Amino acid sequence: MKKFGLLVAGGIAAVILLSTIGPMVGLLVSLLLLYFIFKQFLKTESTGGKIGLGFLGFIVLMASIHNAPAIIGVAAAYVLYLVYKKWNENKHTKIKEESDPFVNFEKQWNELNKY
């Protein structure tokens, strides 16, 4: 039953991830452009250049905000990663030792006889 729940959660996360690939790419491109515009803004000495780059940076920032659904896609990718990690997890089972003193005695006696 646990695997079925993981399968459903992974399927939903995969569908959401696939549906938000476009905004994710758009967000990535716009953030890269914004980074390079900011670097160029800091290098520029002229006032006109700073005003132009500031205006261009504002337009690219608005484009970045327009791609906000990409954050949902990033969250879906993280959920998909968690599902994958949980799916491949090994089960740890504890071996319960019996409290019968004769069983423990036999086990200890066998350990002593090994040497």
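See the structure above.
Residues numbered from 1 in each chain as written. Predicted model: local features only at pLDDT ≥ 70, side-chain atom pairs only at ≥ 80, totals over all residues. Heavy atoms only, no water.

**Student:** Help me get a handle on the overall build of the chain, residues and values and all.
**Tutor:** The helix and strand tally for the chain stands at 5 helices and 0 strands. Listed N to C, the secondary structure of the chain is α-α-α-α-α in terms of helices and strands. For the chain, buried positions account for 16% of its 115 residues. A separation threshold of at least 6 residues defines the contact pool for the chain, and within that pool the share at least 24 residues apart is 72%. Approximately 9600 Å² of the chain is accessible, and the part contributed by carbon and sulfur atoms is 71%. (Helix = DSSP H or I, 4+ residues; strand = E, 2+ residues; numbered from the N terminus. Buried < 20%, exposed > 50% of the residue type's maximum accessible area, 1.4 Å probe, protein only. Contact = heavy atoms within 4.5 Å. Areas by Shrake-Rupley, 256 points an atom, 1.4 Å probe, with all protein chains shown as cover.)

**Student:** Help me get a handle on the side chain of Thr20, residues and values and all.
**Tutor:** In this fold, Thr20 is placed in the loop between helix 1 (2–19) and helix 2 (21–43). For Thr20, a relative accessible area of 9% translates into the label buried. Among residues more than four places away in sequence, those in contact with Thr20 are Pro69 and Gly73.

**Student:** Provide a residue-level description of a nonpolar patch on the surface, including the pertinent values.
**Tutor:** There is a patch of nonpolar side chains on the surface, built from Phe4, Leu7, Val8, Ile12, Ile16, Ile72 and Trp87 and spanning about 670 Å² of accessible area. Listing elements by their share of the nonpolar patch, those giving two or more residues are helix 1 and helix 4 (70–87). Here the nonpolar patch gets 5 residues from one element, more than from any other, and that element is helix 1. Turning to its location among the elements, Leu7 is positioned in helix 1. (Patch = residues over 30% accessible without salt bridge, like charges linked within 9 Å, V, L, I, M, F, W, Y side chains within 5 Å. Salt bridge = Lys/Arg side-chain N within 4 Å of Asp/Glu carboxyl O.)

**Student:** Before we move on, can you summarise helix 4 with the specific residues and values?
**Tutor:** Between its terminal C-alpha atoms helix 4 stretches 25 Å, which fits the 26 Å expected from 18 residues at 1.5 Å a residue. Among the residues making up helix 4, those that are buried are Ala70, Gly73, Ala76 and Val83. With its buried residues spanning 120° around the axis, helix 4 presents them on a single face. In helix 4, the exposed residues that point more than 90 degrees away from the buried face are Ile71, Tyr78 and Lys85. Those residues of helix 4 that are buried are in contact with helix 1 and helix 2. (Expected span 1.5 Å × (residues − 1). Arc of directions from axis to C-beta.)

**Student:** Talk me through the packing of helix 1 against helix 4; I want residue IDs and the actual numbers.
**Tutor:** Look at helix 1 against helix 4: their axes get within 8 Å of each other, and the N-to-C directions meet at 150°. When the interaxial angle is binned, helix 1 and helix 4 end up roughly antiparallel. In this structure, helix 1 crosses over helix 4, and the sense of that crossing is left-handed. Every residue of helix 4 that contacts helix 1 at Lys2, Lys3, Leu6, Leu7, Ala9, Gly10, Ala13, Ala14, Ile16 and Leu17 is listed here: Ile72, Gly73, Ala76, Ala77, Val79, Leu80, Val83, Lys86 and Trp87. (Axes fitted to C-alpha atoms, helices over the stretch in contact; angles between N-to-C directions. Parallel < 35°, antiparallel > 145°, perpendicular 65-115°, else oblique. Left-handed = near helix turned anticlockwise from the far one by under 90°.)

**Student:** Quick one: what's the story with the packing of helix 1 against helix 2, residue by residue and with numbers?
**Tutor:** Here helix 1 crosses helix 2 at 50°, and the two axes come no closer than 4 Å. Classified by the interaxial angle, the pair formed by helix 1 and helix 2 is oblique. Judged by residue contacts, Leu17, Leu18 and Ser19 of helix 1 engage Ile21, Pro23 and Met24 from helix 2. Looking at the contact of helix 1 with helix 2 residue by residue, the classes come out as 5 nonpolar, 1 polar and no charged. (Nonpolar A, V, L, I, M, F, W, Y, C, P; charged D, E, K, R; others polar.)

So, to be careful, I would describe these as geometric facts and stop short of saying anything about function.
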